[in-house]
Amino acid sequence: MAILVEAERLKKTFGPILAVADISLKVAKGEVLGFLGPNGAGKSTTMKMLTGFLDPDGGSARICGISVADRPKEAKAKIGYLPEGAPAYGDMTTRSFLNFIAEIRGFDGGRKSARVDAAIARTGLEDVANQRIETLSKGFKRRVGLAQAILHDPAVLIMDEPTDGLDPNQKHHVRGLITEMAKDKAIIVSTHILEEVEAVCTRAVVIDRGRIVADGTAEDLQRRMPYHNAVAIRVTAADADRVAGALAALAGVAKVERAPAMNGHIQVRALPKPGKTIAAEVGALLRDQSIFVEEMLVERGKLDDVFREITTSGEGSRHA
Amino acid sequence: MRNVWIITKRELGAYFGTPLAYVFVVIFVALTGAFAFFIGNFFERGQADLQPFFAYHPWLYLLLVPAIAMRLWAEERKSGTIELLMTLPISTGEAIVGKFLAAWLFIGIALVLTFPMWITVNVLGNPDNGVILASYIGSFLMAGAFLAIGSCMSALTKNQVIAFIVAATLCFLMVMSGLELVLGFFRGWAPAFIVQAIASMSFLNHFELISRGVITLPTLLFYVSIITFFLFANAIVVDQRKAA
């Protein structure tokens, strides 16, 4: 697989603030990389260095093998970039703005209008093509930014929170667009919406305080959670002790937790030993002992929890 | 060059896309005329020249050019579009020159629209049109110098009002640097050659020469180097302060 984006030990400080401490990553063609992290973790700063907007204090970035620092114009020509907040010239109409971008990207005459029309069609901007950008709703503005980024069909697409502020339909549309384009591009998407990672990303990188703290698929991240593949069952309060005891005796179960009773029912949760799936085992047990179950579900381990755990686990050492 | 022109086109469009352009042109034409007729005693002098018209240009530019220049970079920074602009495949220099040219052309348009003055004076008498042309060129060059200062100051801040005030103040000092107000401050302690150097920076002195019809190489060089210097400074400021 061709590596299209390469960052090596990127570092950036703003005065006394260390925004990016040390970030190295590679994104290959066909990959959609989700950039996760709490606000202020260094996601945007990293993207700004990759796109050549900021010069790193240390390290280097290469786009399609071209050094961003040494040959910025050539590198920038390969990138489509949607900055945070999708800035655009508000006094221009959608079409004239996209015409401007197309010209700067080197398209003329017929090729220019073809590109602009294609970008408008792809992002669903036909109805507002002749409207001034400042009069558009947030969702449309975001789409103008997206249209601007994909206009020249770049090899590398970098988007800072592309779905922020969009309604569910628009989010769905943008995610569809990303998946559709993923095949022949390297895409980096920053987000703090974790469902987005599951929906579009082939890989997720979690950044915290300027460092990469996790790198893997959404599945990999979920696996880090103790609740991954845990089985929760809701039984009547009277059955709870019996069920908990029986579950604890199962071979694959590491631990059993009980929630407080609610409306005469108790939720009992069996946590698997690392790497085990216990759903089948638990199912068989319930059948054998003919326990009446109100509800049963296999927990995936919420990405939110993973996120919280990864990005707050170092809290102690930070203050030390 | 292609990129410079694309940016110039967009910026010019931005001027005319807002009421700013029309307000500026109307006020500029009205004020230059009013100054010439009422304060400059255009009629009473009984001379067929545009001296009273051009004499007030430096003072008008002091107010109006920083107003044109203040949005050039401050607005880009405020709205975040600078991130878009500087990640497009263009160089900082192209962006700066493109923006500067747009604003300069715009002032040029306003200047051309004062042509009724020229017609008036030609109807009333037989002016030396060579001197008038030289004065127009001088006025345009001086506007360019003001503009380069304004553009540089605009890149220093997100706040257009600050950009305006700082640029206007700096331009004021440049205009006044030939006068005692500024020179007196230096005369007490600075060596004579420095006082001389400061005096020679005066926009007013250079402009007076030109508006008498004398375009000399030093004057041309003066304006061109002021423009070049501040646009270079502008590039450094833009590169340094993109993130702030």
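Residues numbered from 1 in each chain as written. Chains lettered and ligands numbered in written order. Predicted model: local features only at pLDDT ≥ 70, side-chain atom pairs only at ≥ 80, totals over all residues.

K.L.:
Would you mind showing me how to read the overall build of chain B here?
P.N.:
Counting its secondary structure elements, chain B contains 14 helices and zero strands. Along chain B, helices (α) and strands (β) appear in the sequence α-α-α-α-α-α-α-α-α-α-α-α-α-α when read from the amino end. Over its C-alpha atoms, taken along the principal directions, chain B stretches across nearly 55 × 50 × 30 Å. For chain B, the proportion of contacts with a sequence separation of at least 24, taken over those separated by at least 6, is 80%. (Helix = DSSP H or I, 4+ residues; strand = E, 2+ residues; numbered from the N terminus. Contact = placed C-beta atoms within 7 Å.)

K.L.:
Even after reading the chapter, I still don't get the overall build of chain A, so can you show me in this structure?
P.N.:
Summing up its helical and strand segments, chain A has 12 helices and 14 strands in all. Expressed along its principal axes, the backbone C-alpha trace of chain A runs to roughly 75 × 50 × 35 Å. Looking at chain A as a whole, 42% of its 320 residues are labelled buried. Residue pairs at least 24 apart in sequence account for 69% of intrachain contacts in chain A once pairs closer than 6 positions are excluded. (Buried ≥ 20, exposed ≤ 12 C-beta atoms within 10 Å, placed from the backbone.)

K.L.:
How should I be thinking about the nonpolar core in this particular structure?
P.N.:
Most often, soluble globular proteins have nonpolar side chains that are buried together. If you look at the biggest cluster of nonpolar residues, it comprises 134 residues, and the most contacted ones within it are Ala103, Ala145, Leu147, Ala148 and Ala167 of chain B. The contact partners of Ala145 of chain B, leaving out residues within four places of it in the chain, are Phe203, Tyr223, Ile226 and Ile227 of chain B. Among the nonpolar cores identified, the runner-up in size contains 14 residues, and Ala230, Val235, Val253 and Ile278 of chain A belong to it. (Core = buried A, V, L, I, M, F, W, Y, C linked by C-beta atoms within 7 Å.)

K.L.:
When you look at the packing of helix H3 (residues 94-104) of chain A against helix H1 (residues 2-17) of chain B in this model, what are you seeing that I'm missing?
P.N.:
If you want to describe how two helices pack, look at the angle between their axes and the distance between the axes. Direction vectors running N to C along H3 of chain A and H1 of chain B enclose 170°, while the axes themselves pass 10 Å from each other. Judged by the inter-axis angle, H3 of chain A sits roughly antiparallel to H1 of chain B. Here Phe100, Glu103 and Ile104 of chain A of H3 of chain A come into contact with H1 of chain B, specifically with Asn3, Ile6 and Arg10 of chain B. Residue composition of the contact of H3 of chain A with H1 of chain B, by class: three nonpolar, one polar and two charged. (Axes fitted to C-alpha atoms, helices over the stretch in contact; angles between N-to-C directions. Parallel < 35°, antiparallel > 145°, perpendicular 65-115°, else oblique. Nonpolar A, V, L, I, M, F, W, Y, C, P; charged D, E, K, R; others polar.)

K.L.:
Would you mind showing me how to read helix H2 (residues 19-39) of chain B here?
P.N.:
Given 3.6 residues per turn, any residue in an α-helix points the same way as the ones three and four places further on. Residue and element names in this part refer to chain B. Over its 21 residues, H2 runs 28 Å from end to end, which matches the ideal 30 Å to within 8%, given 1.5 Å per residue. Of all the positions in H2, only Phe28, Thr32 and Ala36 are classed as buried. The buried side chains of H2 occupy one side of the element, clustering within an arc of 40° when seen end-on. Exposed residues lying more than 90 degrees from the buried face of H2 are Pro19, Tyr22, Val23, Val26, Ala30, Ala34, Phe38 and Ile39. Those residues of H2 that are buried are in contact with helix H3 (51-54), helix H4 (57-69), helix H7 (92-112) and helix H8 (115-124). Positive backbone phi, approximately 50°, marks Asn41, located one or two places after H2. (Expected span 1.5 Å × (residues − 1). Arc of directions from axis to C-beta.)

K.L.:
Before we go on, may I ask you to explain the domain arrangement of chain A in this structure?
P.N.:
Often, the extent of an interface is quoted as the loss of accessible area on bringing the components together. Here chain A is partitioned into domain 1 (3-223) and domain 2 (231-299). Taken over C-alpha atoms, the centre of domain 1 of chain A sits 45 Å from the centre of domain 2 of chain A. (Domains from an automatic or database assignment.)

K.L.:
Explain unusual backbone geometry to me, please; I cannot follow it from the model alone.
P.N.:
Leave glycine aside and you will find that most residues have negative phi; peptide bonds, for their part, are mostly trans. Residue and element names in this part refer to chain A. Positive phi, normally seen in glycine, also occurs at Cys64, with a value near 50°. Located in the positive-phi region is Asn263, a residue other than glycine, with phi close to 50°. Structurally, Asn263 can be placed in the loop between strand S12 (253-258) and strand S13 (265-272).

K.L.:
Any chance you could explain the sheet that holds strand S14 (residues 295-298) of chain A here in plain terms?
P.N.:
What links the strands of a sheet is backbone hydrogen bonding, and the strands pair in either a parallel or an antiparallel sense. Residues and elements named next belong to chain A. Read across the sheet, four strands follow the order S12-S13-S11-S14 without closing on themselves; strand pairing throughout is antiparallel. Looking at strand neighbours, the two that pair on one side only are S12 and S14, the edges of this open sheet. With direction set aside, neighbouring strand axes in the sheet form an average angle of 20°. Lying on the sheet, helix H9 (residues 240-248) is in contact with strand S11 (231-236), S12 and S13; it crosses S12 at an angle near 165°. (Pairing = 2+ DSSP bridges.)

K.L.:
What is the right way to read the pairing of strand S7 (residues 156-160) of chain A from this model?
P.N.:
Each regular strand shows side chains that alternate between the opposite faces of the sheet. Residues and elements named next belong to chain A. The buried fraction of S7 amounts to five of the five residues, a majority that puts the element mostly inside the structure. Residues Val156, Ile158 and Asp160 point to one face of S7 and Leu157 and Met159 to the other, with burial holding for every one of them. Relative to S7, strand S6 (residues 79-82) is paired through four bridges, and the arrangement is parallel. Its bridge partner lying in S7, Leu82 is registered against Met159. With five bridges joining them, S7 and strand S8 (residues 186-190) adopt parallel strand pairing. Its bridge partner lying in S8, Leu157 is registered against Ile187. Regarding topology, helix H6 (residues 168-181) serves as the crossover connection from S7 to the parallel S8, and that connection is right-handed. (Right-handed = clockwise from strand over helix to strand, strands pointing away.)

K.L.:
Just to check I follow, could you spell out helix H13 (residues 203-211) of chain B for this structure?
P.N.:
Residue and element names in this part refer to chain B. Along H13, the positions that sit buried rather than exposed are Phe203, His206, Phe207, Ile210 and Ser211. In a view along the axis of H13, the buried residues occupy a sector of 130°, so they form one face of it. Elements in contact with the buried residues of H13: H3, H4, helix H9 (129-155), helix H10 (160-176) and helix H14 (217-241).

K.L.:
Please clarify how the environment of Met153 of chain B should be interpreted in this entry.
P.N.:
Residue and element names in this part refer to chain B. Position of Met153 among the secondary structure elements: in helix H9. Sequence separation between Met153 and Asn234 is 81 residues; the distance between their C-alpha atoms is 7.7 Å. With sequence-adjacent residues up to four places away left out, Met153 is seen in contact with Ala163, Val166, Ala167 and Leu170.

K.L.:
How should the environment of Asp239 of chain B be read in this particular structure?
P.N.:
Note that Asp239 of chain B resides in helix H14. C-alpha separation for the pair Asp239 of chain B and Thr92 of chain B, spaced 147 residues apart in sequence, amounts to 7.4 Å.

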